[in-house]
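The residues making up each chain are set out below.
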Amino acid sequence: MTRPGFVLEVDDRTPPLLVHEGLGFRLEEFPQGTRVVYPPESLPTVPDVDEAIREALDNPVDSEPLRELMFPGMRLTIAFDDLSLPLPTMKAPDIRGRIIEQVLTIAAEKGVDDVEIIAALALHRRMTDAEMKHIVGERVFRSFAPQGLLYNHDAEDRSNLEHMGMTDKGEDVEINKRAATSDLLVYVNVNLVAMDGGHKSVGIGLASYKSIKHHHNAKTMVHSRSFMDHKHSEMHSSAWRMGRLIGEHVKVFQIETTLDNEVFGKPYDTLLKREWEWSLRDQATVLGLRRGLAVAPQKMRHKMFHDLRSNYGLTGVTAGAVEPVHELTVQRVHQQQRVKVEGQSDVMVMGVPYLGPYNVNSTMNPILAACMGLGYYFNSYLRQPVVREGGVAILYHPLDEGFNTLTHPSYVDFYEEVLADTTDPALIGPKFEEQFATDPWYVHLYRTSNAYHGVHPFYMWYWIAHALDHLGDVIWVGGNPKAAARMGFRSASSLRDALEMASSTVGPSPSITYLRNPPHLLADVR
Amino acid sequence: MLALEMYRSVAKTALGKVAGGRMPLLLTGAAAPLRMVTLDPPKVEHDGWARLKVSLSGICGSDLGMLSGKTSLYFQPLVSLPFVPGHEIVGELLDPCGDLDAGTRVVVDPVLTCAARGLEACEACARGETNRCSRITVGDISAGLQTGFCHDTGGGWSQQLSVHRSQLHAVPDGYSDEQALLVEPVACAVHTARRAAVEPGDRVLVSGAGAVGLLATLALRELTDAGEIVVVAKHAHQRELALEFGATEVVAPSETLRRIRRATSAFMLEPEMMASPYLLGGVDVALDAVGSKESLQTCLHATRAGGRVVLSGMPATADLSAAWFRELEVVGTYASSRGSGDFATALDLVGHDGMCRLAKTVAPYPLHRWREALDHAQSAGRLGTVKVAFDPRRTN
Ligand SMILES: [Zn+2]
Ligand SMILES: [Zn+2]
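Residues numbered from 1 in each chain as written. Chains lettered and ligands numbered in written order. Predicted model: local features only at pLDDT ≥ 70, side-chain atom pairs only at ≥ 80, totals over all residues. Heavy atoms only, no water.

- Naming follows an unreviewed UniProt entry, where chain B appears as Threonine dehydrogenase-like Zn-dependent dehydrogenase of Nocardioides albertanoniae.
- The Cofactor (unreviewed entry) field of the UniProt record for chain B holds the comment "Zn(2+)". (UniProt positions renumbered as here; feature names shortened; annotations may be inferred.)

Structure representation (structure tokens):
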């Protein structure tokens, strides 16, 4: 179900449009004829969240009710998505916490006392106590964390990994030992984009590098079209093979949730409205925000944005067997995010905001910005990319937020050493990946500090492989020229300059599509 | 004859106060301890000495250090004021000298040892370790560790000086004066490479890609079985030369520690406050070819326990905690030693392709443009020059 009015053609009455660029945004005058794709408005939300959760646990898809899967003396493990979802962090209480509370209530009623709760963070950074507490809620945190029963998954803890075998394609399936040896594994998910969930939850979230490397590589990722359509994604095919193998060893009860599009709470909610519907008051708000941001030092802008919590509403919760549950989830995500777009264009324009899955409470360095634009947004399509093959992507981001050495230590080395050598994802992997993945210092920081795994920047770069393969040129408006050049891109100071630069690739009067992210939209390109 | 003369020492403390960060101005401004003068050509009336007409004479980092007052007061008794600086010298003999005919083109090994001073060889000289001579302040000539720091002999920054047969090496035909000029600094680099005692496959860090660092890189590559040689360079042209001279990898100063950490799978620790980070693990041998506090600190902090830190060029003060805790060998390397034939090896090495290219970039100045020349030498790295020299034959 797509609603009309989401695709707009710029004419002489169209006001300047909002474009996000890191810790700020600009109002941009697009050339007449530019096609603007707006994310759909929010779907209706469930009226009573706790009731909806109860309903899902009692009436699961292709599974007995959760209550009936529990018995005294059993080993129960609950795993949940980490802080990379949703974006921005949702206002307390987090939906995952509310679900976990109900699962725990049922377990208590059924006399289950061997329960552990694991953050399925794969190779992401460990969460701090405060971040963990925000997700599971104060009560769960206090009952489990002090006894060591609520913890971050550790993909490098050899003694707590279980090799479950190989898929028929020779892929190692190795996941968290506690999860693998449980009588029941309950997975609590948040689905912000269609890419997440399904067999990706357990199969990747609780896996080790040895297992993940089979699908997180340049070759697989360049053949994943689109990531938002798990049936056309090589990465997903691999995760699905692994997931089915896992299912033969451990009973997985999957709980998936979907959210609406209310990503910005007050006073930023104006940013979600369409410019031609702005009231005088909205215009004043935007102007005030822009003035404030213009004079605020970087640190303050960072705080302004990263302290922001969203008003997400729950559009649905489904529980049961992984695959049918995920089918329903994907349907709902598509319903919320899909916009019908007629045909490809020569140029696609995207604003890259301050936040992506991998810089929650941290900085969006140039590699993450590239991944956000060319990994996430570029890949947010069904059928075919918004921009034609050989076309140009124009992105907005300053590319200068700096590398946070606490959360992203290996990124600095990747940027300085690997990208200085080559930016070709296919060459980078064989030459450098293993060294970074096994570097004892990165392993140490991943396990004991709050650092992303050493291999993580490689995944970011592989993820943009499909875009690099498809596009004729990538130009960053307002991007630090040195950083752009290091990544093999160009930079321009204005949209006009960027289009001038693009003209050598797509001619002097290209067709242009502007994807007005965020919130997330999924372009269904016919 | 025309000469540049260092006529008073500059107390480091006094200078430090006035100078702030503006060394070049002090070097060449009104307060400079250097002046252009007309002198009688120096003549040492003892056996084995001859007059040398200067063709080219280089400006070395140690000269700049001396002139800007950065040099430790330690060296003050080892020189005799006033003196004519210049110890990288190529010239033509005006007199026959032992077995060398007048007119022979020679390069000078500047160290003034027992032989030049008319003394019985001291223990070091007797072993051929001439750069360790303990008699450099006595004998037939005034105090001075080298030609270029001694009142009686004169130095290269003039039209003429006195040299002793023990210091001379004939320049083979086919070498340009500029190539010959590089023989002395290369000989020092050869000595440095020996002192570094690199084992086959050792990982080496060379901090600095000025003349000292580049030549040390060449010597390490040609004379040892070093594995990776990582060179720290600030400027693009230094990067290219370093690679040409045998560097495996060239890194920017700000990247050094991280790159070494990665290459050696070391752990990196960051002390609180302003202290610099350091590695547990690191290279086998690190060579400070800058002589700044930062460079020396990087070397000490990037070397594995039990490794070696080589001081090539006059060192700055640094925190020696790592040397103690990591049991580092801190090794000095001064000039070159005759017993191990460093000059002969250097004469071979200046035939290297990269050296021929480097020789073509030597920037010559007439003596009267000394302010410009010193200014240029001071910012040589930034300006893309490796060696600035005086050519007393030039009038402009
Ligand atoms: Zn010297
Ligand atoms: Zn002696």
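## A look at the sheet that holds strand β14 (residues 303–312) of chain B
All names here are of chain B.
For step 1, the next point in the chain: Pairing is parallel in the open sheet, where 6 strands are placed in the order β10-β9-β8-β13-β14-β15. Among the strands making up the open sheet, the edge pair consists of β10 (249–251) and β15 (329–333). Averaged over all pairs of adjacent strands, the angle between their axes in this sheet comes to 20°, without regard to strand direction.
For step 2, the next point in the chain: Relative to the sheet, helix α9 (residues 236–244) contacts β9 (229–232) and β10, its axis offset from that of β10 by approximately 155°. (Pairing = 2+ DSSP bridges. Helix = DSSP H or I, 4+ residues; strand = E, 2+ residues; numbered from the N terminus. Axes fitted to C-alpha atoms, helices over the stretch in contact; angles between N-to-C directions. Contact = heavy atoms within 4.5 Å.)

## Considerations on the interface of chain A and chain B
For step 1, the next point in the chain: Every contact between the two is made by 12 residues of chain A and, on the other side, 11 residues of chain B.
For step 2, the next point in the chain: Together, A:Glu416, A:Glu417 and A:Trp441 form the three largest contributors to the area buried by chain A at its contact with chain B, with a combined 52%.
For step 3, the next point in the chain: Run the count over chain A and chain B and you get 6 salt bridges.
For step 4, the next point in the chain: Of the charged contacts, one joins A:Asp413 and B:Arg261 as a salt bridge, the two residues approaching to 3.8 Å between their closest N and O atoms.
For step 5, the next point in the chain: Inspection of the region where chain A meets chain B yields 5 residue pairs in polar contact (both at pLDDT 80 or more).
For step 6, the next point in the chain: Contributions of two or more residues to the side of chain A that touches chain B are made by α14 (409–421), α15 (425–438) and α16 (440–448) of chain A. (Buried area = accessible area lost by both parts, 1.4 Å probe. Salt bridge = Lys/Arg side-chain N within 4 Å of Asp/Glu carboxyl O. Polar contact = N/O pair within 3.5 Å; in protein donor to acceptor, adjacent residues only side chain to side chain.)

## Comments concerning the coordination of the zinc ion (ligand 1)
For a metal with four tetrahedral donors the ideal donor-metal-donor angle is 109.5 degrees, while six octahedral donors give ideal angles of 90 or 180 degrees.
All names here are of chain B.
For step 1, the next point in the chain: At 2.2 to 2.3 Å from the zinc ion (ligand 1) lie its protein donor atoms, namely Cys-60 (SG) and His-87 (NE2). Pair noted here: Cys-60 is in the loop between β3 (49–58) and α3 (61–67) and His-87 is in the loop between α3 and β4 (89–93), with a separation of 27 residues, a long-range link. Exposure class is identical for Cys-60 and His-87. Each is buried. (Donors = N, O, S within 2.8 Å, 3.2 Å for Na, K, Ca; no water. Buried < 20%, exposed > 50% of the residue type's maximum accessible area, 1.4 Å probe, protein only.)

## Quick word on the pairing of strand β3 (residues 25–28) of chain A
All names here are of chain A.
For step 1, the next point in the chain: The pairing of strand β2 (residues 17–22) with β3 spans 4 bridges and is classified as antiparallel. From the neighbouring strand, His-20 faces β3, where its bridge partner is Phe-25.
For step 2, the next point in the chain: What sits between the antiparallel neighbours β2 and β3 is a turn of 2 residues.

## Some remarks on the UniProt feature "domain: Alcohol dehydrogenase-like C-terminal" (unreviewed entry) in chain B
For step 1, the next point in the chain: As annotated by UniProt and renumbered to match this structure, "domain: Alcohol dehydrogenase-like C-terminal" (unreviewed entry) occupies residues 211–350 of chain B.
For step 2, the next point in the chain: As annotated, residues 211–350 of chain B comprises 38% helix and 24% strand, and the C-alpha atoms at either end are separated by 13 Å.

## Looking at the packing of helix α7 (residues 183–195) of chain B against helix α8 (residues 211–223) of chain B
All names here are of chain B.
For step 1, the next point in the chain: The geometry of α7 relative to α8 is characterised by a closest axis approach of 8 Å and an angle of 55° between their N-to-C directions. The orientation of α7 with respect to α8, classified from their angle, is oblique. Pair α7 / α8 crosses with right-handed handedness. Residues Pro-185, Val-186, Ala-189, Val-190 and Ala-193 of α7 touch α8, and the partners they reach there are Leu-215, Ala-216, Ala-219, Leu-220 and Leu-223. (Parallel < 35°, antiparallel > 145°, perpendicular 65-115°, else oblique. Left-handed = near helix turned anticlockwise from the far one by under 90°.)

## Some remarks on the coordination of the zinc ion (ligand 2)
For step 1, the next point in the chain: With distances of 2.3 Å, the protein atoms coordinating the zinc ion (ligand 2) are B:Cys114 (SG), B:Cys122 (SG), B:Cys125 (SG) and B:Cys133 (SG).
For step 2, the next point in the chain: Classification of the site at the zinc ion (ligand 2) as tetrahedral follows from its 4 donor atoms and the range of 103 to 117° in their angles at the metal. (Tetrahedral: all angles 85-135°; square planar, octahedral: opposite > 155°, others 65-115°.)

## Notes on the pattern of salt bridges
For step 1, the next point in the chain: Per the counting criterion, the structure on display carries 53 salt bridges over all chains.
For step 2, the next point in the chain: Put simply, B:Arg258 and A:Asp413 hold a salt bridge, and the shortest N to O gap is 3.6 Å. Of this pair, B:Arg258 sits in helix α10 (residues 256–264) while A:Asp413 sits in helix α14, which puts the two residues in different chains. The exposure classification of B:Arg258 matches that of A:Asp413, with both residues buried.
For step 3, the next point in the chain: The structure contains a network of salt bridges with shared partners spanning A:Asp413, A:Glu416, A:Asp439, B:Arg258 and B:Arg261.

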